[in-house]
Amino acid sequence: MRLLLWLPGRLLGALVVLVGVSILIFAAVRSLPGGYADVILGSLSSPEARAALAEQYGLDKSIPEQYLLWVLSALRGDFGTSMVSQLPVTDEFASRLPLTLGLGVIAIALTVLIGIPLGVYTGTRSTGGRSSVLGRLVSSIGISVPEFVLASVIVFLFSRFALGLRVGNVVSPATDLAASIPTLILPGVVLAVFCIASTARTTRDAVLGVLVEPHVGAAVARGESKGFIIRHHVLRNASIPILTLVATLTAYLLGGAVIVETVFDVPGLGSYLVQALGRRDYAVIQSGVLLATVVFVVMSLLVDVLTGLIDPRVSVAKKGRWA
Amino acid sequence: MKRTPLAIGLLATALVLTACTAPTTESTAATEEQPGYLAVADPSLATGGDLSVQLDYDSVEANGLDPQTATTARSWTLMGLVYDTLVTVGPDFSIEPGLATSWDTPSDTEYVFTLRDDAVFSNGRPMTADDVVGSLQRLLDSKSDWSLQLGQVSSVQATGGNEVTVTLAAPYTSFLGALANTPAAILPMTEIADGSVDITTTMLGTGPYVVQDHVQDQSWTFGPNEHYYGAATRGPESVAVDIVTEENTRLAAIRDGSADYAFFNNVDALDLLGGTENARVVNQQNTDFYYLIINSQNPDSPLADQKVRFAINSALDRQEISDIALAGQALPTGVTPATLPGACPAADLPSEKPTTDEIKQALADAGAEDLDLTITLYNTEPALAQIAQVMQQELAAVGVNLTIENLDIGSFVDKIYSSSPSDIDLALSWYAGYGDAAMVSKWWNGDVSTFTAGFKANDPAQNALQVAAGSEPAGAERDATMVELCASVDESSELVPLVTRPGVIGYRTDSLSPTINTNEGYGSVLRDIVDYRMIDAG
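Calculation criteria
- Residues numbered from 1 in each chain as written.
- Chains lettered and ligands numbered in written order.
- Predicted model: local features only at pLDDT ≥ 70, side-chain atom pairs only at ≥ 80, totals over all residues.
- Heavy atoms only, no water.
- 1 Å grid on protein atoms, 1.4 Å probe; cavity = no way out; pocket = protein on both sides within 12 Å on 5 of 7 lines; lining within 4 Å.
- Points joined across faces, edges and corners; volume = space filled by probe spheres on them.
- Helix = DSSP H or I, 4+ residues; strand = E, 2+ residues; numbered from the N terminus.
- Nonpolar A, V, L, I, M, F, W, Y, C, P; charged D, E, K, R; others polar.
- pLDDT = per-residue confidence, 0-100.
- Contact = heavy atoms within 4.5 Å.
- Pairing = 2+ DSSP bridges.
- Axes fitted to C-alpha atoms, helices over the stretch in contact; angles between N-to-C directions.
- Patch = residues over 30% accessible without salt bridge, like charges linked within 9 Å, V, L, I, M, F, W, Y side chains within 5 Å.
- Areas by Shrake-Rupley, 256 points an atom, 1.4 Å probe, with all protein chains shown as cover.
- Salt bridge = Lys/Arg side-chain N within 4 Å of Asp/Glu carboxyl O.
- Disulfide = S-S within 2.5 Å.
- Buried < 20%, exposed > 50% of the residue type's maximum accessible area, 1.4 Å probe, protein only.

Residue and element names in this part refer to chain B. With the rule as written, the count across this model stands at four cavities of 30 Å³ or more. The calculated volume of the largest cavity comes to roughly 120 Å³. If you list the elements that add at least two residues to the lining of the largest cavity, you get helix 2 (73-79) and strand 13 (279-286). In the lining of the largest cavity, the residues fall into six nonpolar, five polar and five charged.

Structure follows, in structure tokens:
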């Protein structure tokens, strides 16, 4: 019931965020020096040619007028046309999104399957022990090594030596799901390394924090098994920061995908947005940022809901709202 | 004893690193298989087969797929697979037949072209003289960049069933060179006129291939043009072009054989692919060259003083720039690209003569000691940053402190071309050099290249030299004019040519036997594709 009362407020807040971001990004991309005509026509072009191109795409109209036209179109489901490909932005996104989603799914799956168990393992071992030190070392390296370095090394190794997987020739999950997996594994793993490392680190810290709580001591005193204690007392209470992190990482993956997609030549959404920024392909940039905002807002909303369900104490009913 | 695992670990690491290091081999980068060719396809191999190519960027043009307004080398390369031109260029930049089998020049302003009688558009309609006339007229009317390169054309007329006559208003030596590039392609004018073909979205030419599929910024698939006049001797049956922006990924494709042929902008590719089994990498010289803008148009800047600009120009060592920034693969050049016939020798430029002490003295005399300047460049051309770093050291030696400002291309263009005077001290970029020295030198002619007005004075004397270089017939007299033009450009030191812009091509020797010319004028990295042979085509 509280959820039903709380949700409309949060949705309204999300809507305000989206409108704010749309205004901000619209103003930001148009204040960038150099427009589409400058980039595409190049330095040799005449001012007349640039003006004609600006008129062709309505870039000669005032900024508020352009914004209004874009918003009205977006409300009808038309997010504009890419000036580069002359195709609707929604079509461009639809062809690229499955690849970025595929990478994200691989990265999050590896994060959950490796990062959380690794964090629990190192968190439940003695802090000075070999496994704890090793876990922290692995986490530190994973967090520290930049994605472009790791990606470049992987590209070199897998192209230089026959190691079973190839770089490039990516197949979209939308075309052939089974065939896409081997082509997305390498970039997916690179994308996952930072997520695994940071999740392991956060999980370890959360587990260590819960382990010193009195109720865990009481469970030990009651003679409950170690596995039971970890599953029912430690993990449940440590799950909130982990959940928050994994949700944040999910949103982060769109940004992280930029580098990985570029280095591995994956024609996904991340690399497309960077390309669009360089070319001042306004409709693509605006829609891409809006999409990323939606993902982030939805994930935040989801985390809030789940957090409240996991730990009702977090629900701030006392403060007059649900979470 | 406990140290044994550590020692083994170090040894193993050393072995792995050794294995990862490309073995040093004798470079074949500049070795010609035949005069003018770095590689020549084996004609004994069968025609046919599927060629896989990786290029660095896709064609992105304001007018889509219209070749006449295309401005970038990749557009010319890709559209050149579908379209033919009246003439083409040979390995030594001599003009060779294309859709015109021959041409006469009854006077120095008149060109009479005899057309092939077997050229057919890919829709099955034979090419006519009207297509040629209409195409050239359309190009002239377009006022595009390339229409400037055609010179002053008075008329284009069909003077016979298979004959077209072009009359110029004034002699123009570069005319045939301008006709040899993709923007001068012959279009299906009947279909364009009746609206059955939109040339901005559909490519319909007389060339060897037709477009089967194109995904912007991702890939092109070309199939055979069944009506191509040279179909019997066409090499690959199909061409798959992947657009791979990341250089390392293209290197990977040549290493593991997932691409037969790839182009690289970075000369480091020569080393990075060196020693790769079943692969060869070559440095193809271009007429393209890097240049430095020294903004003369800001009256408040010390660079408004020609003596200061010339001193800065003189402090630059072009050979050192090539050696350090471009692995010695580039050639010092004046305004006439060093790789073109009749180019002025860069070593003879006036700026090559002053010593370091003389340069310092010149700066002191001009009251420009301890100058702080900013050099602006853009980040999609990695060599620019490398060149700027070398220049930073060279200018430091004469007391000029150089700060490097590396922008994205939009900001770069905006900063240089959106205001007059331009909002820069120095800037680095490159020009395509084309197939005749008078073509690129147009950008030094202020009457033609109004876009340089923000940083370069319009010098009537320099303009006259440029026009003379374009109108004099090839020979000693024209070469002397070019030397004079080079000296004038060098003395004014506003738009300073530095070194040529090399391109690197890598290919698999176990799958492809290509023909690659030593020097390229139009960035057409697939120029002789119809001569390529796939090893397993038979």
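Resuming the write-up.
Okay, the confidence of the model for chain A next. Confidence along chain A averages 84 in pLDDT terms, with 94% of residues attaining 70 or more. In the model, residues 316-323 of chain A has pLDDT below 50 throughout and makes 16 contacts with residues more than four positions away in sequence or in other chains.

Attention now goes to the sheet that holds strand 15 (residues 371-378) of chain B. All names here are of chain B. With mixed pairing, five strands are arranged side by side in an open sheet as 16-15-17-14-18. The open sheet is flanked by strand 16 (400-407) and strand 18 (495-500), the only strands paired with a single partner. Put simply, the sheet's adjacent strands are angled 25° from each other on average, direction ignored. The sheet contact formed by strand 14 (residues 289-294) and strand 18 spans four bridges and is antiparallel. Directly across from isoleucine 293, in strand 18, lies its bridge partner leucine 495.

All names here are of chain A. Residues Leu134, Leu137, Val138, Ile141, Val145, Phe148, Val149, Val153 and Ile259 make up a contiguous nonpolar surface patch of roughly 740 Å² in combined accessible area. Those elements giving two or more residues to the nonpolar patch turn out to be helix 6 (130-144) and helix 7 (147-160). If you tally residues by element for the nonpolar patch, the top one is helix 6, at four residues. Turning to its location among the elements, valine 149 is positioned in helix 7.

Residue and element names in this part refer to chain B. For the coordinates displayed, the defined rule picks out one disulfide over all chains. Two residues share a disulfide in this structure: cysteine 344 and cysteine 486, whose sulfurs sit 1.9 Å from each other. A torsion of -80° about the S-S bond marks the disulfide between cysteine 344 and cysteine 486 as left-handed. Of the two residues, cysteine 344 sits in the loop between helix 10 (318-325) and helix 11 (356-365) while cysteine 486 sits in helix 16 (residues 476-492), which places them 142 residues apart along the sequence. With respect to burial, cysteine 344 and cysteine 486 carry one shared label: buried.

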